[in-house]
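Commentary on secondary and tertiary structure
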Amino acid sequence: MIETVHVPLEGRAYDVRIGADLLDRAGVEIAPLLKRPRVAIVTDAHVADLHLKALEAALAAEGIASVSLTLPAGESTKGWPQFERTVEWLLEQKVERRDVVVALGGGVIGDLVGFAAAVLRRGVRFVQIPTSLLAQVDSSVGGKTGINAPQGKNLIGAFHQPALVLADISVLNTLPKRDFLAGYGEVVKYGLLGDAAFFDWQDQNAARIAARDPEALAYAVKRSVEMKAEIVVRDETEQGDRALLNLGHTFCHAFEAATGYSDRLLHGEGVAIGCALAFELSSRLGLCSQEEPSRVREMLSTMGMKVTLADIDGDLPDARALLDLMGQDKKVIDGQLRFILARGIGQAFVTSEVPADTVLHLLQDALSER
Ligand code: GLY
């Protein structure tokens, strides 16, 4: 069964289609968007090996010709050199204003290709076919596109909504366990930020999710996308509510910087640890009971996810240095750290009123558990 989540942005509305074996239907799904039967696909070497042939065949079955560019896999692709290469390749392929570019891959490919589509001839349409859990539940939906700068992650980019998102649950079977669980960190985030019933569902279905039961995965992706779509429609360009999607991220960005954006800590792992700390902070500030952070930690451990700083291998800087790294987050406004805190599971809110000392002590305690 294919589920649809509609993202009703005025003038830029689109569907997110979610289901098993969706890649095989890509031609049928994409055909209605095309003015001529031809698309340009951009992917990475790892995903190309696994899924490019299936996509090309599905397009060809509907009479859609395709050309493809395969970029190197990995975060370092998400910078100026591969971006320039992509834009120039799209021009060489004579992709026109009315054509459609297809991004086949995880967050790196989706962000880079979306940004290329945003600037190519002042904007062409693009289709996201996210192949990681993280990309399916977060980065492929909502129109944030961009690349990293030497000064920091995601500092160059544009809001450019996709014309269609195809989230094929079956491709998640090819993900290594660690990547799958890291992506699941973002799913947990949605329950924590705005839907206690979804958190309970995750708790009750932990074993099915870990076993990648297709029905459970489809529901997890659908509910996450629904929540993201609701927030994006309320606040597309992050003037307010969209910041809720950054639950756990202020901590996460500091830990990612401290570990050199290496595979010592994947983004979704940092989000999970960050969510647990955001709840601990909320409890220390008297916003929620002590039970809530314990429930969060318990659910993450049950899934076999990273929960605390003790789960990060190797050295970490001291609490003061971590706090400084948090201050370099791009979401800082007028030097004020912004946090997403919670009055309980499913009740997150944005605030700048967090005493730095409380955060410092929290980080000291978290480091002392190592
Ligand atoms: N990943 C956060 C957002 O899309 O706003």
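One structure accompanies this document, and this report is about it. (Residues numbered from 1 in each chain as written. Predicted model: local features only at pLDDT ≥ 70, side-chain atom pairs only at ≥ 80, totals over all residues. Heavy atoms only, no water.)

Here we look at the state of the cysteines
Basically, it comes down to this: The term disulfide is used for any two cysteine sulfur atoms that are within 2.5 Å. Whether a residue is buried, partly exposed or exposed follows from its accessible area with a 1.4 Å probe, protein chains only, as a fraction of its type maximum: under 20%, in between, or over 50%, in that order.
Under the defined criterion, the tally for this structure stands at zero disulfides. Cysteine C275 shares no disulfide, and the gap to the nearest cysteine sulfur, in C252, comes to 8.9 Å. C288 takes part in no disulfide bond, and the closest cysteine sulfur, belonging to C275, lies 13 Å away. The exposure class of C288 is buried, given its relative accessible area of 9%.

A short note on the site of the ligand
Worth spelling out the cut-off: Residues are counted as near a molecule or strand when any one of their heavy atoms sits within 4 Å of it. Here a polar contact is taken to be a pair of N or O atoms separated by no more than 3.5 Å, where protein atoms must pair a possible hydrogen donor with a possible acceptor and residues adjacent in sequence count only if both atoms sit in side chains. Where accessible areas are quoted, they stem from the Shrake-Rupley method and a 1.4 Å probe; at the residue level, only the protein chains shown are allowed to cover. Nonpolar residues are Ala, Val, Leu, Ile, Met, Phe, Trp, Tyr, Cys and Pro. Charged residues are Asp, Glu, Lys and Arg, and all others, Gly as well, are polar.
Close to the ligand lie D138, K144, K228, E238, R242 and L245. Here a nitrogen atom of the ligand and a side-chain polar atom of D138 are 3.1 Å apart. One of the side-chain nitrogen or oxygen atoms of K228 is found 2.6 Å away from an oxygen atom of the ligand. When the ligand sits alone it has 200 Å² of accessible area, and the protein chains cover 88% of it. For the shell around the ligand, the per-class residue count stands at one nonpolar, no polar and five charged.

Comments concerning helix α4 (residues 107–119)
Keep this limit in mind: For helices the rule is a DSSP run of H or I covering at least 4 residues; for strands it is a run of E covering at least 2, with both sets numbered from the N terminus onward. Expected span, for any helix, means 1.5 Å times one less than how many residues it has.
The terminal C-alpha atoms of α4, which comprises 13 residues, lie 18 Å apart, in line with the 18 Å expected from a rise of 1.5 Å per residue. Counting buried positions along α4 yields twelve of 13 residues, so the element is predominantly enclosed. Turning to α4, its buried residues number three or more, namely G107, V108, I109, G110, D111, L112, V113, G114, F115, A116, A117 and A118. Phi turns positive one or two residues past the end of α4, at R121, with a value near 45°.

Regarding the pairing of strand β9 (residues 164–168)
Short version of the rule: Strands are treated as partners if at least two bridges between them are detected by DSSP.
Burial analysis of β9 places five of its five residues in the buried class, which makes it a mostly covered element. Side chains L164, L166 and D168 project from β9 onto one buried face, and the interleaved V165 and A167 project onto a second face that is buried too. Direction of pairing for strand β2 (residues 14–19) relative to β9: parallel, over a ladder of five bridges. Residue pairing across strands places D15 opposite L164, the latter belonging to β9. Judged from the two bridges that link them, strand β6 (residues 125–130) and β9 form a sheet pairing that is parallel. Paired with Q128 across the strands is V165, a residue of β9.

Overview of the sheet that holds strand β1 (residues 3–7)
What counts, and what does not: A fitted line through C-alpha atoms represents every axis, and for helices the fit uses only the stretch in contact; the resulting angles, taken between N-to-C directions, go from 0 to 180 degrees. Whether two residues are in contact is decided by their heavy atoms: any pair within 4.5 Å suffices.
Across the sheet, which stays open at both edges, the seven strands sit in the order β1-β2-β9-β6-β5-β3-β4 with mixed pairing between neighbours. Each of the sheet's edge strands pairs with one partner strand only, and the pair in question is β1 and β4 (65–71). The mean inter-strand angle of the sheet, taken between neighbouring strand axes irrespective of direction, is 20°. By the bridge criterion, six bridges tie strand β5 (residues 100–105) to β6 in an arrangement that is parallel. Opposite V100, over in β6, you have R125 as the bridge partner. Of the strands in this sheet, β1, β2 and β9 are in contact with helix α9 (residues 214–234), which crosses β1 at around 10°.

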